[in-house]
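Structural characterization, general
One-letter residues, chain by chain:
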Amino acid sequence: MAFFNEEIETMPTDQLKEMQLKLLQELVKNTYRDSGFYRKKMDDAGVKPEDIKTLDDIRKLPFMKKTDLRDNYPDKLFTRPYDELVRVHVSSGTTGKPTVVGYTQNDLDMWAESLGRGMMSFGMSNKDMLQNSHGYGLFTGGIGVHDAATKIGATVLPTSTGNTNRQIELMCDLPVTTIAGTPSYLFHIADTCDQKGIDIKKDTKLRKAIAGGEPWSESMREKLQKRTGIKVFNCYGASEFNGPMFLECEEQAGFHIWADFTLIEILDENDEPVKEGERGAIVVTMLQKEAFPLIRYKIGDISSLVWEKCKCGRTHPRLQRLSGRTDDMLVVRGINVFPSQIEAVLGEMPFLSPFYHLTLDNENYMDRLVIEAELNEESLTEDMVELAKMSSALDRRLKEVLNIKAEVKLVLPGTLQRFEGKAKHVTDNRNYD
């Protein structure tokens, strides 16, 4: 497979780590100068930029957490004025407040190159047509994938999400070789093709897919590949990084984390480094971000990291498939959903009690979120019109906050289980096997 930047992508490990140290030192110096937020965190921790003399010294630096993003909404973490920004993206936050990320042109170029390197590592080139079935707009996925494909010279078909029949028609009529979307949506496309009598292997030129934005298993990938004849490559990222950033190569043996862009730590429950290959919490430092610096950010995902040279020839570390979360975040149809968001919405509704329960399941790998909310005694009524109004008000507000459609069920007072200890608000029945 071709390289985007062979010199960088095959650089010996010791040279990559030397580069990381220089970039880290520059990042810390600039962020200390430009960010009042991070300067205070460093001062409180008793560390100065000149204290970073080795890569291990990164452990002297304070962490950034999701609450920092919330507390500094909307743009207090920006280190560039708006007249130096070329784009702003917004994603869902932990308590209803979104995360706002600003980008300079250099930030966008780095983001596109990161994904572009990944695309070329599994065989994409200017001979490919990419059908981009991620959403365009405030969500980072669609535009990020679009820019990266354009950067490597591929032709982009920006179908965005939905209108599956139209997606399939275009896939059949045009020389689409690669598709990008959530795993569940790719399964939905496969189901619809089956219903229409369309054989993806014979009736289209589709042979590769980029899948990300929600949890999925290796067995789910195997089923999708066997069923469609498409080789599916996993994708990892977050809006805080830039957006989707890292892909697997043709070996499908982990995400290539470009060491000149990103420094990943894997830490145990005591914030100590684990041994190479062991699983722990992912902590991310973006080494070249300008407008929205990210230093030792606790993303909340769990995985492991290996530096062993990949069979594809690339020497950068590989992050293994994610195996869980360190917080209560749920990923539903590619959207981050926090029970605290739902709890806040329920608290706005005068006709509801504080008790609720979330049930997640999936049919044909399409996520379904059911929200059961208890009416309070004062609002109990047999008036179906009034009940419909209450349900509609809750449904509308949840959609505004979560940015996804959930199934709302109003239940009688005292219906939902009470807990003496920590309440269990979520039942996740999704099966990715």
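Before reading on, note that the structure itself is shown above.
All of the points below concern the structure found in this document. Every value quoted in this text rests on a predicted model; they were computed, and no experiment measured them.

Cut-offs and rules
Residues numbered from 1 in each chain as written. Predicted model: local features only at pLDDT ≥ 70, side-chain atom pairs only at ≥ 80, totals over all residues. Heavy atoms only, no water. Axes fitted to C-alpha atoms, helices over the stretch in contact; angles between N-to-C directions. Helix = DSSP H or I, 4+ residues; strand = E, 2+ residues; numbered from the N terminus. Parallel < 35°, antiparallel > 145°, perpendicular 65-115°, else oblique. Left-handed = near helix turned anticlockwise from the far one by under 90°. Contact = heavy atoms within 4.5 Å. Nonpolar A, V, L, I, M, F, W, Y, C, P; charged D, E, K, R; others polar. Pairing = 2+ DSSP bridges. Salt bridge = Lys/Arg side-chain N within 4 Å of Asp/Glu carboxyl O. Buried < 20%, exposed > 50% of the residue type's maximum accessible area, 1.4 Å probe, protein only. Right-handed = clockwise from strand over helix to strand, strands pointing away. Core = buried A, V, L, I, M, F, W, Y, C linked by side-chain atoms within 4.5 Å.

**A closer look at the packing of helix H8 (residues 183–196) against helix H10 (residues 218–228)**
Orientation of H8 relative to H10, taken along the N-to-C sense of each, is 30°, at an axis distance of 11 Å. With respect to their mutual orientation, H8 and H10 come out roughly parallel. Here H8 and H10 pass one another in a crossing that is left-handed. Contacts between H8 and H10 pair Pro 183, Ser 184, Leu 186, Phe 187, Ala 190, Asp 191 and Asp 194 from the former with Met 220, Lys 223, Leu 224, Arg 227 and Thr 228 from the latter. Split by residue class, the contact of H8 with H10 holds 6 nonpolar, 2 polar and 4 charged.

**Here we look at the sheet that holds strand S3 (residues 129–132)**
Strand order in the open sheet formed by 6 strands is S4-S3-S5-S6-S7-S8, with mixed pairing between adjacent strands. Of all the strands in the sheet, the pair left with one neighbour each is strand S4 (155–157) and strand S8 (243–247). Taken over all neighbouring pairs, the strand axes of this sheet differ in orientation by 30° on average, direction set aside. Pairing of strand S5 (residues 178–181) with strand S6 (residues 208–211) involves 4 bridges; the strand directions are parallel. Bridge pairing in S6 places Gly 181 opposite Ala 211. Docked against the sheet, helix H5 (residues 105–121) engages S6, strand S7 (231–238) and S8, running at close to 35° with respect to S8.

**Things to note about the environment of Thr 140**
Among the secondary structure elements, Thr 140 is positioned in helix H6 (residues 140–151). Excluding its chain neighbours within four sequence positions, the residues that come into contact with Thr 140 are His 89, Tyr 103, Trp 111, Ser 239, Asn 242, Gly 243 and Pro 244.

**Describing the pattern of salt bridges**
Where charged atoms from two side chains of opposite charge approach closely, those side chains can pair. One pass over the full model with this rule turns up 33 salt bridges. Residues Lys 40 and Asp 44 are paired through a salt bridge, measuring 2.9 Å at the closest nitrogen-oxygen approach. Taken as a pair, Lys 40 and Asp 44 lie in helix H3 (residues 36–45) at a separation of 4 residues, close to a single helical turn. Residue classification places Asp 44 among the exposed residues on the basis of a relative accessible area of 57%.

**Digging into the environment of Val 90**
Of note, Val 90 is situated in strand S1 (residues 87–91). As a C-alpha pair, Val 90 and Leu 138 span 48 residues in sequence and 5.2 Å in three-dimensional space. Among residues more than four places away in sequence, those in contact with Val 90 are Pro 98, Thr 99, Val 100, Leu 138 and Phe 139.

**Section: the pairing of strand S19 (residues 366–375)**
By the criterion of burial, S19 is predominantly enclosed, with 7 of the 10 residues buried. The pairing of strand S18 (residues 352–363) with S19 spans 9 bridges and is classified as antiparallel. Across the sheet, the residue bridging to Asp 361 is Arg 368, located in S19. Counting the residues between successive antiparallel strands, the hairpin from S18 to S19 contains 2 residues, one of them, Asn 364, with a positive phi of roughly 55°. A crossover links S19 with its parallel partner strand S20 (residues 407–411), the connecting element being helix H12 (residues 384–402), and its sense is right-handed.

**A look at the nonpolar core**
The biggest cluster of nonpolar side chains holds 68 residues, and the ones touching the most others in it are Leu 61, Met 119, Phe 241 and Leu 319. Among the elements that take part in this core, H5 stands out by supplying 6 residues, more than any other. Non-local contacts of Leu 319, meaning those with residues more than four positions away in its chain, are made with Tyr 236, Gly 254, Phe 255, Ile 257, Ile 264, Ile 266, Ile 282, Ser 303, Ser 304 and Leu 305.

Read these as layout, nothing more, since geometry by itself doesn't imply function.
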